[in-house]
Amino acid sequence: MTGKMSGLVPIPLVEELQEGELVLDSGVSVTADAAMRAEAEWLAVVLRESTGWTVPLVDSQDALVRFEADEDRGSESYRLEITQEGIIIAAGGPAGALYAAQSLRQLLGPTAYRRARVGALDPLPLGVIEDEPRFRWRGLMLDVARHFMPKNSVFRVIDAMALHKLNTLHLHLTDDQGWRVEIQRYPRLTEVGSWRTQSHMGAVEQAVFDTAPHGGFYTQDDIREIVAYAGRLHITVVPEIDVPGHVQALLAAYPEHSVHGEQLPVRVRSGLNDNVLRADEDTVRMVCEVFDEVMELFPGRWIGIGGDEVPRVQWERDPHSQSRANELGLPDASSLYGWLLQQFAAHISSAGRVPVAWDEILEIDVPDDVLVMSWRGYDGGVEALWQGRDVVMSPNTVLYFDTFQSDGPDEPLPIGDLISLPQVYAFEVLPPGTPPELEEHVLGAQANVWTELLETQRRVDFNMFPRVCALAEALWSPREKRDYDDFEARLRRSHLPRLAALGIEYRPLDGPHPW
Ligand code: TNX
């Protein structure tokens, strides 16, 4: 080590940089083993856009940038070597090749994030970077239900995730306030359920909630496009259809699936909601058919079924639900919560996929294969782990990015508590006291971006960045490499300028703080 630093975020496993530089020029070309051509092409496109050079993909070992398969590495692992003669990327698989290309782009500086030639690329430091991730689920959840995020905004988030070597995008597609995915068999879900118009709220609530008419949804082609775009960047999209609560948009479209059968509007205000799914066979069939279309659209292994924040009062007070619970041999009507989730989980498992649910699911007899998403602090995760389940950590005490980032006067209206950048940076994925033999069940973690109060892309950017940069390091980098002062120095000197060039409206470290 010479003390030279690359400024990479997340910080790599090993970086050994030397004096001297390599300056790319218009003669640069790229070559790649067959398995990595797509990733090499991605790098070539980035270079073409930002420099105007031709950057051909060639079949010659004379190319300046060479991607090679290295069977001794894990699929996400890579080695990037920069010498005066050229750049050699040895990767365990296509994902590793892409991560190497991401690191190289970071080293080329802000200019490499622009869509037209503006300035010169930074000279590359000479040396070797060896890198691989610490955790395999490096995630971000976007709530596109409370405020719809048009697909171009989703593409931007996917690009930013890839830049930070995150690999799992959880889309919260449905909630009380909106249904955001076209389901052909049930067209009213989007015809009715994607739009909210009315509000019967008092002045105080109107000041807090967005009461303007709002709506939007992804067509099935939009979803295919999002999934394919993410896939090229080695990001898996995990869809969530939240049931059996948080379903008022569904009930507005198909009132026969509510407990009382009344016509409800798509909900405007947020927070806990008593309206839940009716526990009849017809309703189970309808929701399973929705999941069938969702599973067609999202080829990944994980399918979210929600399960969070479900008041039981409607079932408890409804005579039909009580007799239904009796028929099913359940102890009481509130057990319909568990019964419904068991039906949906079983349906997803029988299709060969893995159901994902929020930690409230631990209140019921949970099928073994359900992946538990621990959001109420670490407790759910710990409990699930001791039951031998796979978990993803998403504690609201650290990884809720709808929270505010300082208690200064110029912060936008938050939900929840203060979660500062240093707090996110200090995040530990493994719940305290995790025994070594259970560590492999902690797949990783994700931050959740709930959008009740995040109406626009600018607001989402402001809340996400630079907290996402800190998250990436907690998920990717080795524990002993993490140091907050060093991270902040890298942000200031190297990384925030990259984000700025890409057009991300991050929260400036020292203000001013417009949003
Ligand atoms: C709780 S986290 C919720 C969301 C809200 C969020 C606000 C979870 C599984 N449910 O519906 O948006 O709090 O922070």
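Just so it is clear, the model here is predicted, and its values are computed rather than measured.

Student: Where do I start with the site of the ligand in this structure?
Tutor: Lining the immediate surroundings of the ligand are Asp308, Glu309, Trp358, Trp375, Tyr400, Asp402, Ile415, Gly416, Trp450 and Glu452. Residue composition of the shell around the ligand, grouped by class: five nonpolar, one polar and four charged.

Student: What is the right way to read the sheet that holds strand E2 (residues 30-32) from this model?
Tutor: Sheet strands line up and pair through hydrogen bonds in the backbone, either parallel or antiparallel. If you trace the six strands from one edge of the open sheet to the other, you get E1-E6-E4-E5-E3-E2, paired in mixed fashion. Each having just a single partner strand, strand E1 (14-22) and E2 make up the two edges of the open sheet. On average, each strand axis in the sheet is inclined to that of its neighbour by 15°, with strand direction left out of account. Two elements, strand E4 (residues 78-83) and strand E6 (residues 124-131), share five bridges in a ladder whose sense is antiparallel. Bridge pairing in E6 links Ile82 to Gly127. Packing against the sheet, helix H1 (residues 37-51) makes contact with E2 and strand E3 (65-69), and its axis sits at approximately 165° to E2. Contacting E3, E4, strand E5 (86-91) and E6, helix H2 (residues 94-107) crosses the sheet at an angle of about 40° to E4.

Student: Help me out: how do you make sense of the sheet that holds strand E7 (residues 137-143) in this one?
Tutor: The strand order around the closed barrel built from eight strands is E7-E8-E13-E14-E15-E16-E17-E18, with neighbouring strands paired in parallel fashion. Strand after strand, the sheet turns through a mean of 30° between neighbouring axes, direction not considered. Sheet topology note: the strand E17 (residues 391-393)/strand E18 (residues 442-449) ladder contains three bridges and is parallel. Within E18, the position partnered with Val392 by the bridge is Gly444. Packing of helix H11 (residues 336-350) onto the sheet brings it into contact with strand E13 (236-243), strand E14 (302-306) and strand E15 (354-358), and relative to E14 it is tilted by some 170°. Sheet strands touched by helix H12 (residues 379-386): strand E16 (371-374), E17 and E18. Its angle to E16, the strand with the most contacts, is close to 155°.

Student: Got a minute to help me understand the environment of Val391 in this structure?
Tutor: Looking at where Val391 falls in the secondary structure, it is placed in strand E17. Looking at Val391, the number of C-beta atoms within 10 Å reads 27, which means it is buried. As a C-alpha pair, Val391 and Trp137 span 254 residues in sequence and 9.8 Å in three-dimensional space. Among all residues touching Val391, those that are not within four sequence positions of it are Val372, Ser374, Gly381, Ala384, Leu385, His441, Val442 and Leu443.

Rules behind the numbers
- Residues numbered from 1 in each chain as written.
- Predicted model: local features only at pLDDT ≥ 70, side-chain atom pairs only at ≥ 80, totals over all residues.
- Near = placed C-beta within 6 Å.
- Nonpolar A, V, L, I, M, F, W, Y, C, P; charged D, E, K, R; others polar.
- Pairing = 2+ DSSP bridges.
- Helix = DSSP H or I, 4+ residues; strand = E, 2+ residues; numbered from the N terminus.
- Axes fitted to C-alpha atoms, helices over the stretch in contact; angles between N-to-C directions.
- Contact = placed C-beta atoms within 7 Å.
- Buried ≥ 20, exposed ≤ 12 C-beta atoms within 10 Å, placed from the backbone.

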